[in-house]
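# Structure assessment
These are the residues of each chain, in order.
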Amino acid sequence: MPSVTDVLSRKSGVIVGDDVLNLFKYAQEKKFAIPAINVTSSSTVVAALEAARDAKSPIILQMSQGGSAYFAGKGVSNTDQKASIAGAIAGAHYIRAIAPTYGIPVVLHTDHCAKKLLQWMDGMIDEDEKYFKEHGEPLFSSHMLDLSEEPKEENIAIVKKYFERVAPMKQWLEMEIGITGGEEDGVDNTGVDNSALYTQPEDIYDVYSALSSVAPYFSIAAAFGNVHGVYKPGNVKLQPALLGKHQAYTKETISSKTDTPIFLVFHGGSGSSKEEFLTAINFGVVKVNLDTDLQYAYLTGIRDYVLKKKDYIMAQVGNPDGEDKPNKKYFDPRVWVREGEKTMSERVKVALEDFQAAGSV
Ligand SMILES: [Zn+2]
């Protein structure tokens, strides 16, 4: 059986550099996308890894700025992004240490970084460079810059500046152009004009042209009516077929032999239909961000447990079986947190199946 690990130099654990490039190339060729799971704790990390191991798939684990701060602890002040920097680094070391145990390739990524959060990015890249000096590779496989709120020229210029900094480490960079609706990490786009919610093929080519002159390690999240979070269907309609136009335009402009010269990323995947995902994957999407659906999935296991065991968790001792019966085995966090891990893991498995990544390892 062909396996994605055939094209990787590191078969399991966190992969970097050309392995990341080869993973995405392979995914594009075989027409699957890898879900990017937002992780905020060791518990959500292992839930995602367990799903990928069981479904025999690579996985992308990503930490957002807020999720990174949570990794450091909500009690830590985030002045100057200190908690987000420390939390991301701590999470990265944890993921690097545990990932090989699961026997699958893992991309260690950070999520949306807007202009006002660049201090966070600077802190992480400082650490990448330190790690690179010691180990010959960056700490993180990849980062994501989201300057989509800024004018296009500024967006591309800032992304290119960062890309030139990380390219010597062969670190992957994901960028966003066009506006994704909804709200994420305090950036509220719920009132944005509709036309801005669809990226134009020329914009994508401009990004491609600026970044491909530096290195091949980049991907583009284009807006095609996607929305962060799950909302009731509104004015904006998801149009994954637009991604085909982006690819065709760049292919023609650079006379590319491949139909999908660009690595595309699907943001705001929660709530989309399987058909929409498959259309997007067909047009070269290699990564799909999923957060909201997984947050909810994580809750359901814990919610159902608490509701079902309600009478066994109201006190340390005493339950319907007897007033002197101990409840320790019901309130141990390893029991009820585990229920959330199980339901989250099941939901990740569904994504791996939907995006056709399952069975690729
Ligand atoms: Zn986005």
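- Per an unreviewed UniProt entry, the protein carries the name Fructose-bisphosphate aldolase and comes from Lipomyces starkeyi NRRL Y-11557.
- Under the Catalytic activity (unreviewed entry) heading, UniProt states for the protein: "beta-D-fructose 1,6-bisphosphate = D-glyceraldehyde 3-phosphate + dihydroxyacetone phosphate".
- As stated in UniProt under Sequence similarities (unreviewed entry), the record for the protein gives "Belongs to the class II fructose-bisphosphate aldolase family."

### Examining the pairing of strand 9 (residues 218-222)
- With 5 of 5 residues buried, strand 9 is to be regarded as a mostly interior element.
- Along strand 9, one buried face is formed by Phe-218, Ile-220 and Ala-222 and the opposite face, lined by Ser-219 and Ala-221, is buried too.
- Both strand 6 (residues 172-177) and strand 9 contribute to a ladder of 5 bridges, which runs parallel. When the bridges of strand 9 are listed, Met-175 appears paired with Ile-220.
- Bridge count between strand 9 and strand 11 (residues 264-266): 2 bridges; the pairing is parallel. Bridging from a neighbouring strand, Ala-221 pairs with Val-265 of strand 11.

### Digging into the side chain of Gln-81
- Relative to the assigned elements, Gln-81 resides in the loop between helix 3 (65-72) and helix 4 (82-98).
- Taking relative accessible area as the criterion, Gln-81 reaches 10% and is therefore assigned buried.
- Polar side-chain contacts of Gln-81 include one of 3.0 Å to the side chain of Gln-65.
- With residues up to four places along the chain from it excluded, the contact list for Gln-81 reads Gln-65, Leu-117, Gln-119 and Trp-120.

### Focus: the side chain of Asn-38
- Position of Asn-38 among the secondary structure elements: in strand 2 (residues 34-38).
- Look at Asn-38 and you get buried, because its relative accessible area is 11%.
- A distance of 2.9 Å separates a polar atom in the side chain of Asn-38 from a polar atom in the side chain of Gln-62.
- Reaching out from Asn-38, the side chain makes a polar contact with the side chain of Asp-111 at a distance of 3.2 Å.

Criteria and thresholds
Residues numbered from 1 in each chain as written. Predicted model: local features only at pLDDT ≥ 70, side-chain atom pairs only at ≥ 80, totals over all residues. Heavy atoms only, no water. UniProt positions renumbered as here; feature names shortened; annotations may be inferred. Buried < 20%, exposed > 50% of the residue type's maximum accessible area, 1.4 Å probe, protein only. Helix = DSSP H or I, 4+ residues; strand = E, 2+ residues; numbered from the N terminus. Pairing = 2+ DSSP bridges. Polar contact = N/O pair within 3.5 Å; in protein donor to acceptor, adjacent residues only side chain to side chain. Contact = heavy atoms within 4.5 Å.

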